[in-house]
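Given next are the chains, with one letter for each unit.
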Amino acid sequence: MPRPSQRVEQDELRARMRAVGMSHDEIAIEFARRYHYRPRAAHRHARGWTQTQAANHINAHAARVGLDPDGAAPMTGPKLSELENWPLPNNRRRPTPQILALLAEVYDTSIHNLIDLDDREHFGPADLLLIDKTSRTARPQPVELSGQARRQSRTDAGAMVELTAARGTRSLVELCTSPIGRLPEATTGSMRWESVSTTEAVDKITRDDLSLDRREAARAMADVIVGAALLEGAERWLNTIEPPARQRRAAGVGDEEIEQIELAARTFRAWDNQFGGGLRRKAVVGQLAEIADELRDFSHPQSLTRRLHGVMADLAETAATMSWDSGQGGLAQRYYLLALRSAKAADDPVFCANILAGMARQQFYLGRTTEGLELVRLAQDVAGGPQATPAVRAMLFTREAWAYAQQGRLSAFRRATGRAQDAFRDVDPAVEPHWISYFDQAELAGVTGGRLLDIAHQAPEYADEAATWLSQAVRARGGGSVRSTALDQLGHAEIRLVQGEFDEAARLGHAAVTTVEQTRSSRVRVKLGQFYRHAETRTSARPIAELCGRIKPMLRAEDTAAKYET
């Protein structure tokens, strides 16, 4: 009986090791031992990627975090091969600490796991200094770069170069010591947000946010928490007991005023869902600060206190999505955490689940699949039972499917997507909470098609199915959400590129760009850059070349605008 190929043997070994719960780091160690791979190659094989597939993941991650805003896709299979084999003779492509940080981020490992004795003996003193200053247990942290930093990270030829040196994951304690969200030492001791009331945490962050100008805020909010610090922090906040309130005045808002505040919160959320881009973010933050003042200064009946905490959670979550959509990922995460704490105080576990799902989506955009999936599972636990409505359950299943798509687990993706569709059949808009109204048939089709698009880049046989879902999403959108329409249209055009239908891709692409021009959404601009990267490789087709000619100035203008904001 012929011996199976090495690829088949490795696939079987990887599956066995994953089945018993072994990590990719452990698989890489075994692959290095058994197949004599260098560390960087071992970690790639541990995930079952070819060099071209790994290069695609690296380029996609670089685009997501702003390191490749023009969509130049500089990493290729041959370049990665040289990086893996350095320092072999005549191999001049040295893996700098910054490139190692990027590889570690994509492979979800430590920089130290990607180098061996040969590397250390050939690194220069400056490289070794940076590497040795990096924790051996910490994963690199995604950094959202300003326009100036993005330009400094590229050569004239558009090749990806130096990322900032990798740092360890920040804890929530460190998070609170940034200019936004720093609480007085006298009141917090170790500066743990859970040691103060929700209203005090909201008050401090919103007022600092409103008082700092855009440049100061961008510098202060660059970091996004990942890893155990995020997961443990979220669970801790879900279990925090609100500290006793101090003596307050008896007079406060009544039912009529709260109804007006709740209506304002819904209006802000509808505005964000329709346009994106954070155009009214400061107004939302100002209203959030006012609610914190009301809860801090006045006492209310228990039912009204719960409603005020509920509207505070609603506003904080809207502030989070607006902040993220205006390119302030770290600030968005702070508002997500405040929303989670407020929803807990309002005794609204289903809205807690919705907030956790938003936090998971942010992690997926950063390529942090493991953290995102853990947040989704926490959300499903929190909203378990009959209290979760069909639309909420369907939304959570689509977030679970998102993780499986990023992991390449197609059977699990199918299972979760099927559950989402089954749950959605039972949706009754009359009984669904107002904040889930965005999750309609168009949204279900859009997120399903978007994940199939991701899969189709590696497995083109899924392209037809992706095109069907995305076409359905575009037809169903109507004029209710410019941001979501733009994302679906760009996805629809992109899948036609995959299918080789260049004339149709160009037609759809021009329609998508027209929609993109109507929103300032950062997420839409990132997606536009990703689409441009794919389209640029097909410019031998004249319609695609003309489309790229239209998109390129938009990406440059966005980068120039970022320069003057930072």
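Please refer to the structure higher up on the page.
Summarised in this report is the structure supplied together with it.

The rules behind the values
- Residues numbered from 1 in each chain as written.
- Predicted model: local features only at pLDDT ≥ 70, side-chain atom pairs only at ≥ 80, totals over all residues.
- Heavy atoms only, no water.
- Phe/Tyr/Trp six-rings, centres within 6.5 Å; stacked < 30°, edge-to-face > 60°.
- Helix = DSSP H or I, 4+ residues; strand = E, 2+ residues; numbered from the N terminus.
- Buried < 20%, exposed > 50% of the residue type's maximum accessible area, 1.4 Å probe, protein only.
- Lys NZ or Arg CZ within 6 Å of the ring centre and 35° of its normal.
- Contact = heavy atoms within 4.5 Å.
- Polar contact = N/O pair within 3.5 Å; in protein donor to acceptor, adjacent residues only side chain to side chain.
- Core = buried A, V, L, I, M, F, W, Y, C linked by side-chain atoms within 4.5 Å.
- Expected span 1.5 Å × (residues − 1).

A full pass over the atoms with the stated rule returns ten aromatic pairs. Measuring from ring centre to ring centre gives 6.1 Å for F424 and F439, while their planes differ by 65°; the resulting arrangement is edge-to-face. With F424 in helix 22 (residues 410-424) and F439 in the loop between helix 22 and helix 23 (441-456), this pair connects stretches of sequence that are 15 residues apart. An identical accessibility class is assigned to F424 and F439; each is buried. Three or more aromatic residues link up through ring pairs in this structure, and these residues are W324, F364, Y365 and W402. In this structure, R451 is placed above the aromatic ring of W402, and the distance from its NZ or CZ to the ring centre is 4.0 Å.

One can find R14 in helix 1 (residues 6-19). Looking at R14, the relative accessible area reads 12%, which means it is buried. Note: C-alpha distance between R14 and H24 (ten residues apart in sequence) is 8.8 Å. Apart from residues lying up to four places away in sequence, R14 is in contact with I27, F31, H45, A46, R47 and G48. Separated by 2.8 Å, the side chains of R14 and D11 make a polar contact.

Formed by 86 residues in total, the largest nonpolar core has its most connected members in I291, L315, Y335, I355 and I495. One finds A486, L490, Y532 and C548 within the second-largest nonpolar core, a separate group that totals 23 residues.

Glancing now at helix 18 (residues 329-345). If you check helix 18, its first and last C-alpha atoms are 25 Å apart, about what 17 residues at 1.5 Å a residue would give, namely 24 Å. With 15 of its 17 residues buried, helix 18 lies for the most part within the structure. D347 sits one or two residues past helix 18 and shows a positive phi near 55°.

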